[in-house]
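Below are the chains, spelled out letter by letter.
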2 protein chains.
Amino acid sequence: MKTAGMMVLIFATLCCAQDNSTFQPATTNVWGAEYPRVDSAGRVQLRVKAPDAAKVRVNFWSGPKGDMEKQPDGFWTITTPSLVPGLHYYMLVIDGAEVSDTNSQGFFGGGKYASAVEVPEPGSTYYSIQDVAHGEVREVWYNSKVTGSWRHALVYLPPKYGTQTKAHYPVLYLQHGAGEDETGWIRQGHANFILDNLIAAKGCKPMIVVMAYGYARRVGEPPDFTAKPFGSPEMMKAMQDMSAVFEDDVTQALIPYIDSTFRTIPDRDHRAMAGLSMGGMQTFQVTLDHLDLFSYIGGFSGAGGMLVLGNRKLDPKTDYNGVFADAAAFGKKVHLLWIGVGTNEPERMRAGLLRLHTSLQEAGIQHVFYESPGMDHEWQTWRRDLKDFAPRLF
Amino acid sequence: MKTAGMMVLIFATLCCAQDNSTFQPATTNVWGAEYPRVDSAGRVQLRVKAPDAAKVRVNFWSGPKGDMEKQPDGFWTITTPSLVPGLHYYMLVIDGAEVSDTNSQGFFGGGKYASAVEVPEPGSTYYSIQDVAHGEVREVWYNSKVTGSWRHALVYLPPKYGTQTKAHYPVLYLQHGAGEDETGWIRQGHANFILDNLIAAKGCKPMIVVMAYGYARRVGEPPDFTAKPFGSPEMMKAMQDMSAVFEDDVTQALIPYIDSTFRTIPDRDHRAMAGLSMGGMQTFQVTLDHLDLFSYIGGFSGAGGMLVLGNRKLDPKTDYNGVFADAAAFGKKVHLLWIGVGTNEPERMRAGLLRLHTSLQEAGIQHVFYESPGMDHEWQTWRRDLKDFAPRLF
């Protein structure tokens, strides 16, 4: 309503009170919080107390941004237009201070405990808890000689892991995006419920899923890419340098720890890696450097596209040490190469992945290319990615 | 500096730049955040961006509260006097809006993802990660017929649980306080590291620790005590009513789930319960109603004190169904009754627990009374409580 480029925001007013009856507190709220509320059309109502503020704005990262309206009681409110289903990160800006909404649970994204609202997808049950057997998510700490530190990871174990004590399982390493951490795939993505539901329906093999902390630095090395402008070439370079340390951590510390701690099938035929955004870039880097360790590869809205190749096509002869040079040999070695992107992702991200897809086609590299309809660079895309990817494994 | 009752806050100024060299980013910060910073004297520096705000305040829940100072660059800063060691919850108030500091990790407390800063305790290693064998923390979901819902709990398993597959273990049920949730004992309390370190030093028996979500309501029942004024008699009543549902959940759903899922020793001699604040009140309620299930009882800054008895003494003949009426019988049945409080806790809380302690003494009930020196109603008290309590179990 303020500028041509801004999505129109419809403010909640008294005249709309009759519509409010269908608004329900979001499942992502903290216990007892009445707001944010969501209606069946996917509209979101926010309500925030800021009695002395001059201006309060809301910023949905993949959605509307706009001013909230001050009410006489000192609360600020807004009703958004319909949002697509899924988990929507947002932040508030109160007199210039970017802050989380204390009504929302905190979800680690953008390098902070961000707010988010879950807009239900009508009829979708695949990523919510159902009356099926549940796996466990375990927090583990492993000592990494690469980083010289204890590192925290989450490990999903399939439902019968505890009772079928002779069974060994394949392993999927599943990575978060930049600004997120090892908790993202469980808390934002519901990866555990996606696996529970797939396994219950015999839609995928029972597997172990390892979610590691995707940042790493060697002892004595300075941090970090967080100080670089987000999306800048300097940040991309720093992210790749950091990922080289992460690569060593995964291959030299994490995999040995997982294989010695859990009943895995510790060979390349039973080891997969996938990740979203930065995690997809890291997946390509780790797996293509280590085809001795991995044979299933997934890049969710991130892979060898923009983050690595910039605006150019893949050169199968030279990129990634030439692993794509011999398509037949690659196809024999790699059981699955999977890349995905949402149809509504930002142009640069989307173009990079489409270019990678075309490059791979031209090089004769067999792969799956999946497009998440109507979705942006957001968790609903990555939930769908996992739902499509996991059944193809092992 | 503003009012007589307010703790004095020393603002960071250029003249103090030489002191800043000893300030280090807090371990509770998000990755890469330079603030909050802590020095060796326990002073805390905060820095928050709020360029258009007219007033920014900080509110340490068990510590200083006061105005921050605007700097020319749009950031607001403050340096606190020395804080006692431990985890200090705090919130910011930006033009009347109470919000978290995005530089801090989010810790669920006060019904929201609050900010906190860890002030190290010189020489203390018992609650930090050490080079010893680590247990695992597992996320589990159990279906409760009491609440008609899937409920989330965390379960600590001692280091050798996974390899000594014939061993069975005693169980400690360990509860959070009001406004916190099942994650508190791990994320704020470091209960897993406390147990790891005790077990490694043979300071306590290897045990399973179950941390449940302490809120519950029956299907169809309305929520909740959150709408009641905090600390009001209405809230206390609502909390007790809610705890009766939690009691059924623990005894009818959680314990059967734990005993059927993990290798426990499923009898009262190998089952303990403890909790902090509201969790201590719940512990007394659950265990004293179910001495058939429990034989070790811990109330950390909360028990049968103020929360249950108000300002009166315990009547051993009638309170808690008269379990304290026969001291000898009680002593035979209950292997440990443990209550603790910090020496600097709010007067009402402290007086209630001292009164309970005296009442128990007068009734001839053997128990341990522990005082955490110099500590308020805060996590450092409860970490110490667990360190004293766990070695006395089983």
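Up top is the structure.
Each chain carries its own residue numbering, running from 1 in the written order of its sequence. Lettering of chains starts at A and numbering of ligands starts at 1, both following the order in which they are written. With the structure being a predicted model, the display of local features is reserved for residues of pLDDT at least 70 and the display and counting of side-chain atom pairs for 80 or more, all residues being used for whole-chain, interface and lining totals. The side-chain quantities take in all heavy atoms of the structure and omit both hydrogens and water.

Visitor: Help me get a handle on the overall build of chain A, residues and values and all.
Guide: Scanning chain A from terminus to terminus reveals eight helices and 19 strands. In terms of overall size, chain A behaves like a compact globule, its C-alpha atoms giving a radius of gyration of 22 Å where 394 residues would be expected to give roughly 21 Å. Overall, the C-alpha framework of chain A stretches about 65 × 50 × 45 Å when taken along its three principal axes. Note on exposure labels: buried denotes an accessible area under 20% of the residue type's maximum, exposed denotes more than 50%, and partly exposed covers the range between, all computed with a 1.4 Å probe on protein chains only. A total of 394 residues make up chain A; the buried ones form 60% of that total. By definition, residues are in contact when any of their heavy atoms lie within 4.5 Å. Nonlocal contacts in chain A, meaning residues at least 24 apart in sequence, comprise 71% of its contacts between residues at least 6 apart. With 37 positive and 42 negative side-chain charges, chain A shows a separation of 2 Å between the mean positions of the two kinds. Segments assigned H or I by DSSP are reported as helices when at least four residues long, segments assigned E as strands when at least two residues long, and all are numbered from the N terminus. Note on method: radius of gyration uses C-alpha positions; expected globular size equals 2.2 Å times residues raised to 0.38. Residues counted as positive are Lys and Arg, residues counted as negative are Asp and Glu, and His and the chain ends are not counted. Working definition for charges: the position is that of NZ of Lys, CZ of Arg, CG of Asp or CD of Glu.

Visitor: Explain empty space enclosed by the protein to me, using residue names and the numbers behind them.
Guide: Detection works on a 1 Å grid of protein atoms alone, calling trapped sets that fit a 1.4 Å probe cavities and calling open sets with protein on both sides within 12 Å along at least five of seven lines pockets, with lining residues defined by an atom within 4 Å of a point. Grid points are joined across faces, edges and corners, and a volume is the space filled by probe spheres set on the points. Enumeration according to the criterion identifies three cavities of 30 Å³ or more in this entry. Size it by volume and the largest cavity reaches roughly 120 Å³. Residue lining of the largest cavity: 19 residues in total, with A:Ser100, A:Gly106, A:Tyr113, B:Ser100 and B:Tyr113 positioned closest to the centre. Of all the elements in the fold, those that place two or more residues in the lining of the largest cavity are strand E11 (112-119) of chain A together with strand E11 (112-119) of chain B. If you tally residues by element for the lining of the largest cavity, the top one is E11(A), at four residues. Residue composition of the lining of the largest cavity, grouped by class: four nonpolar, 12 polar and three charged. Basically, the charged four are Asp, Glu, Lys and Arg, the nonpolar ten are Ala, Val, Leu, Ile, Met, Phe, Trp, Tyr, Cys and Pro, and anything else, Gly included, counts as polar.

Visitor: Now, about the pattern of salt bridges: what can you tell me, with residues and values included?
Guide: Should a side-chain nitrogen of Lys or Arg be within 4 Å of a carboxyl oxygen of Asp or Glu, the pair is scored as a salt bridge. The final tally for this structure, using the stated rule, is 34 salt bridges over all chains. Its salt-bridge partner being A:Arg350, residue A:Glu371 comes within 2.7 Å of it at the nearest N-O pair. Here A:Glu371, found in strand E19 (residues 368-372), pairs with A:Arg350, found in helix H7 (residues 347-362); they are 21 residues apart in sequence, far enough to count as distant. When its relative accessible area of 15% is taken as the criterion, A:Arg350 is described as buried. Ionic pairing is found between B:Arg47 and B:Asp73, a salt bridge with its closest N-O pair at 3.3 Å. Taken together, the residues span a long stretch of sequence, with B:Arg47 in strand E3 (residues 44-49) and B:Asp73 in the loop between strand E6 (69-70) and strand E7 (75-79) at a distance of 26 residues. The exposure class of B:Arg47 is partly exposed, given its relative accessible area of 27%.

Visitor: Provide a residue-level description of the pairing of strand E8 (residues 86-94) of chain B, including the pertinent values.
Guide: All names here are of chain B. The buried fraction of E8 is high, at eight of nine residues. The sheet contact formed by strand E4 (residues 56-60) and E8 spans five bridges and is antiparallel. Its bridge partner lying in E8, Val56 is registered against Ile94. A pair of strands is treated as paired once DSSP finds two or more bridges between them. Taken together, the five bridges between E8 and E11 define a ladder with antiparallel strand orientation. Note that in E11 the partner of Tyr89 across the bridge is Ala116. Across three bridges, E8 lies against strand E9 (residues 97-99) in antiparallel orientation. Across the sheet, Leu92 pairs through a bridge with Val99, a residue of E9. Once E8 ends, the chain turns through two residues before running back antiparallel as E9, passing Asp95 with a positive phi of about 45 degrees.

Visitor: So what's going on with the environment of B:Thr343? Residues and values would help.
Guide: All names here are of chain B. By the secondary structure assignment, Thr343 is in the loop between strand E18 (336-342) and helix H7 (347-362). A sequence separation of 154 residues divides Thr343 from Gly189, and the C-alpha atoms of the two residues are 19 Å apart. In contact with Thr343, other than residues within four places in its own chain, are Arg350, Glu371, Ser372, Pro373, Gly374 and Met375.

Visitor: Can you lay out the packing of helix H2 (residues 191-200) of chain A against helix H8 (residues 379-389) of chain A for me, pointing to particular residues and giving the numbers?
Guide: Residues and elements named next belong to chain A. Throughout, an axis means a line fitted to C-alpha atoms (over the contacting stretch in the case of helices), and angles, computed between N-to-C directions, take values from 0 to 180 degrees. Contact geometry of H2 with H8 gives a least axis separation of 10 Å together with a crossing angle of 30 degrees. By the angle between their directions, the pair H2 and H8 is classed as roughly parallel. Handedness of the H2/H8 crossing: right-handed. Across the interface between the two elements, Ala191, Ile194, Leu195 and Leu198 from H2 touch Arg383, Leu386 and Lys387 from H8. Taken together, the residues of the contact of H2 with H8 sort by class into five nonpolar, no polar and two charged. Orientation categories follow fixed angle ranges, with anything under 35 degrees roughly parallel, anything over 145 roughly antiparallel, 65 to 115 roughly perpendicular, and all other angles oblique. Each crossing is labelled by how the near helix is turned from the far one, with a counterclockwise turn of less than a right angle marking it left-handed and a clockwise turn marking it right-handed.

Visitor: Go over the relation of the copies chain A and chain B, please, and point to the residues and values.
Guide: Rotating chain A by 180 degrees about the axis while translating it 0.0 Å along that axis superimposes it on chain B, leaving an RMSD of 0.0 Å. The transformation just described matches what one would write down for a two-fold rotation axis. Closest to the rotation axis within chain A is the C-alpha of A:Arg138, separated from it by 2.0 Å. Counting the interface residues of chain A, we find that 100% of their copies in chain B are interface residues as well, pointing to one common contact surface. Least squares is the method used to superpose the copies, on C-alpha atoms of residues holding a pLDDT of at least 70 in both.

Visitor: Explain the packing of aromatic side chains to me, using residue names and the numbers behind them.
Guide: The relation between two aromatic rings is expressed through the spacing of the ring centres and the mutual angle of the planes. Each Phe, Tyr or Trp ring, with Trp reduced to its six-membered ring, pairs with another whose centre is within 6.5 Å; inter-plane angles below 30 degrees give stacked pairs, above 60 give edge-to-face pairs, and intermediate values give tilted ones. Scanning all chains against the criterion turns up 44 aromatic pairs over all chains. Measuring from centroid to centroid gives 5.3 Å for A:Trp141 and B:Phe193, while their planes differ by 70 degrees, and the two rings are edge-to-face. One end of the pair, A:Trp141, is in strand E12 (residues 136-144); the other, B:Phe193, is in helix H2 (residues 191-200), on a second chain. A:Trp141 sits in the buried class, given a relative accessible area of 12%. Exposure remark for B:Phe193: the relative accessible area of 10% places this residue in the buried category. Pairwise contacts between aromatic rings join A:Trp185, A:Phe300, A:Trp338, A:Tyr370, A:Trp379, A:Trp382 and A:Phe389 into one cluster. Think of it as a cone above the ring: NZ of Lys or CZ of Arg counts as a charge over the ring if it is within 6 Å of the ring centre and within 35 degrees of the ring normal. Here the guanidinium or amino end of A:Arg47 rests over the ring plane of A:Phe75, the centre of that ring lying 3.7 Å away.

Visitor: An account of the sheet that holds E6(B) is requested, with residue identities and associated values reported.
Guide: Residue and element names in this part refer to chain B. Pairing within the open sheet is antiparallel, and its five strands lie in the order E1-E2-E3-E7-E6. The open sheet terminates on both sides in strands that have one partner only, identified here as strand E1 (24-25) and E6. Two elements, strand E2 (residues 37-38) and E3, share two bridges in a ladder whose sense is antiparallel. Looking at the pairing, Arg37 lines up with Gln45 of E3.

Visitor: Lay out unusual backbone geometry with the relevant residues and their values.
Guide: Residue and element names in this part refer to chain A. In this structure, the amide linkage connecting Tyr35 to the following residue, Pro36, adopts the cis form with an omega of -5 degrees. One can find Pro36 in the loop between strand E1 (24-25) and strand E2 (37-38). Positive phi, close to 60 degrees, is recorded for His190, a residue that is not glycine. Note that His190 resides in the loop between helix H1 (184-187) and H2. Backbone geometry places Lys202, a non-glycine residue, at a positive phi of 55 degrees.

Visitor: Describe in detail the interface of chain A and chain B, supporting the description with residues and values.
Guide: Often, the extent of an interface is quoted as the loss of accessible area on bringing the components together. Contacts between chain A and chain B engage 50 residues on the former and 50 residues on the latter. Once two parts are put together, the accessible area they lose, assessed with a 1.4 Å probe and summed over both, is termed the buried area. Summed over both partners, the interface of chain A with chain B comes to about 3800 Å²; 63% of that surface belongs to carbon and sulfur atoms. Sorting the residues of chain A by area buried against chain B places A:Trp31, A:Tyr113 and A:Trp141 first, and these three jointly supply 20% of that buried surface. Our enumeration of links across chain A and chain B arrives at two salt bridges. Counted as a polar contact is a pair of N or O atoms within 3.5 Å, where, for protein atoms, one must be capable of donating a hydrogen and the other of accepting one, and residues adjacent in sequence contribute only when both atoms are in side chains. The interface formed by chain A and chain B includes 12 residue pairs in polar contact (both at pLDDT 80 or more). Only strand E8 (86-94), strand E9 (97-99), E11, E12, H1 and H2 of chain A provide two or more residues apiece to the side of chain A that touches chain B. Ranked by residue count, the leading element in the side of chain A that touches chain B is E12(A), at seven residues. Classifying every residue of the side of chain A that touches chain B gives 23 nonpolar, 15 polar and 12 charged. Relative to strand E12 (residues 136-144) of chain B, E12(A) is paired through three bridges, and the arrangement is antiparallel. Across the sheet, the residue bridging to A:Val137 is B:Glu139, located in E12(B).

All quantities given are derived from atomic positions and should not be read as evidence of function.
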